[in-house]
Amino acid sequence: MPKLSIRDLDLKGKRLFIRVDFNVPLAPGGQEITSDKRIKASLPTIKYALEQGAGLVLASHLGRPKGKPNPEMSLKPVAARLSELLGRPVKMAPDCIGPEVEAMKPAPGEVLLLENLRFHPEEEKNDPEFARKLAALCDLYVNDAFGSAHRAHASTVGMIQFVPKAAAGLLMDKELEYLTKATRNPERPCVAILGGAKVSDKIEVIQNLAKFVDRLLIGGAMAYTFLKAQGRPTGKSLVEDDKVGLAGELLASLGSKLMLPADHVVAAELKEGAECQVVEAIPEGMLGLDIGPKTVAAFSAEIAKARTIIWNGPMGVFEKPPFDKGTVAVGKAVAASGAVSVVGGGDSEKAVKSAGVADKISHISTGGGASLEFLSGIELPGVAALTDK
Ligand code: AMP
């Protein structure tokens, strides 16, 4: 069911609560932001709401303070950076609920940033009383924190029952638009590329993608568990022995849709610059650390035909050259395909960046866990809770 968008709300003179994802990386000590990417990602929503005449209450978690105030995980540096980016003052609240915060409720055009939601254990417990107090700060609610939408917390789900309307922000809208486009009725051929360390992290994703993709290309360490299930040699490569049986079942159900690596880059140790060779059968004592050139060619041919591409996880240990070659080549093939391409967050985003093709990808998700859950076919609680259109 499509959800209400911030563009559907009448914001003039309203106090709008925006759940943002300002979970930025901080240097030790918690004073300096090392990447403001997440703040910038919600600027379109914040600016739009201000232009429409709303007063803004912004709220986020930051890190894992485990339900207790912790000055090293304060959102204060974020308020300062946001103020610079917006070119207007951003008031910093001493907490996220309570009389002092209520006294700071913003007038139209003003921006108030609440202190870290997770300083209260009630946030992650989705406590109704805490949720009611958050809702008391606003007239309307918007969720722009896609990266937290897979969590049913007070600020992402609980407080929505206490507000008249809850809508998706512009960033959330974009995430849902692309992920929905890629997974429901995609333009065909639809090719999914999965990689990364473990099969166990992505079983549900594989099962769900299998229902609708035309091809599933598997690289990265997760491929070795499948190769083992086929009875092929895996040497010292990362294999999840307890998942070999399941990999066998997936192989049987996926049939010819599934493509596994036909050759591998192997080395005796996982070290940057380690001496390596290309093999079709992984020798005993060797580690498979990247897909080989034959696999790159075969995967690239499938990618070139695709009209929709879903990519999650690197093809090898891309952080340590020369084991980045497969991931870089696949990234370039995706970029050259002209297909609608959707890439998961986290390591997949880093992989696309290291391939130098980030600007050629239609959409790079801002939520690693949330995009994986979406690709697993699970309805995200933070999305389900929003008001239907
Ligand atoms: P994930 O978070 O599941 O997407 O996994 C990403 C991690 O998988 C990266 O840190 C890669 O270095 C790692 N990875 C990919 N291929 C291999 C491999 N062949 N052997 C060991 N680690 C790998």
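Here the structure is shown first, and the text comes after it.
Before going into details, it helps to say that this report is about the structure given with it. (Residues numbered from 1 in each chain as written. Predicted model: local features only at pLDDT ≥ 70, side-chain atom pairs only at ≥ 80, totals over all residues. Heavy atoms only, no water.)

Bringing the layout of surface pockets into the picture now. In this structure, the largest pocket spans a volume of roughly 660 Å³. Contributing to the lining of the largest pocket are 26 residues, with D21, N23, R38, G147 and T366 lying nearest its centre. Of all elements in the fold, only α1 (37–41), α13 (347–354) and α14 (368–375) reach the threshold of two or more residues within the lining of the largest pocket. A per-class count over the lining of the largest pocket returns two nonpolar, 15 polar and nine charged. (1 Å grid on protein atoms, 1.4 Å probe; cavity = no way out; pocket = protein on both sides within 12 Å on 5 of 7 lines; lining within 4 Å. Points joined across faces, edges and corners; volume = space filled by probe spheres on them. Helix = DSSP H or I, 4+ residues; strand = E, 2+ residues; numbered from the N terminus. Nonpolar A, V, L, I, M, F, W, Y, C, P; charged D, E, K, R; others polar.)

The N-to-C vectors of helix α7 (residues 170–183) and α14 enclose an angle of 30°; their axes lie 11 Å apart at closest approach. Put simply, α7 runs roughly parallel to α14. The chirality of how α7 crosses α14 is right-handed. Of the residues in α14, those touching α7 at L176, L179, T180 and T183 are S371, F374 and L375. Of the residues contributing to the contact of α7 with α14, the split by class is four nonpolar, three polar and no charged. (Axes fitted to C-alpha atoms, helices over the stretch in contact; angles between N-to-C directions. Parallel < 35°, antiparallel > 145°, perpendicular 65-115°, else oblique. Left-handed = near helix turned anticlockwise from the far one by under 90°. Contact = heavy atoms within 4.5 Å.)

What follows concerns unusual backbone geometry. Generally, phi is negative for residues other than glycine and the peptide bonds are trans, each holding for most cases. Here the residue pair R188 and P189 is connected by a cis peptide bond, since its omega of 0° sits within 30 degrees of zero. Relative to the helices and strands, P189 resides in the loop between α7 and β7 (190–194). A cis amide bond links P321 with the next residue in sequence, P322, at an omega value of 10°. On the secondary structure map, P322 appears in the loop between β13 (308–312) and α12 (325–337).

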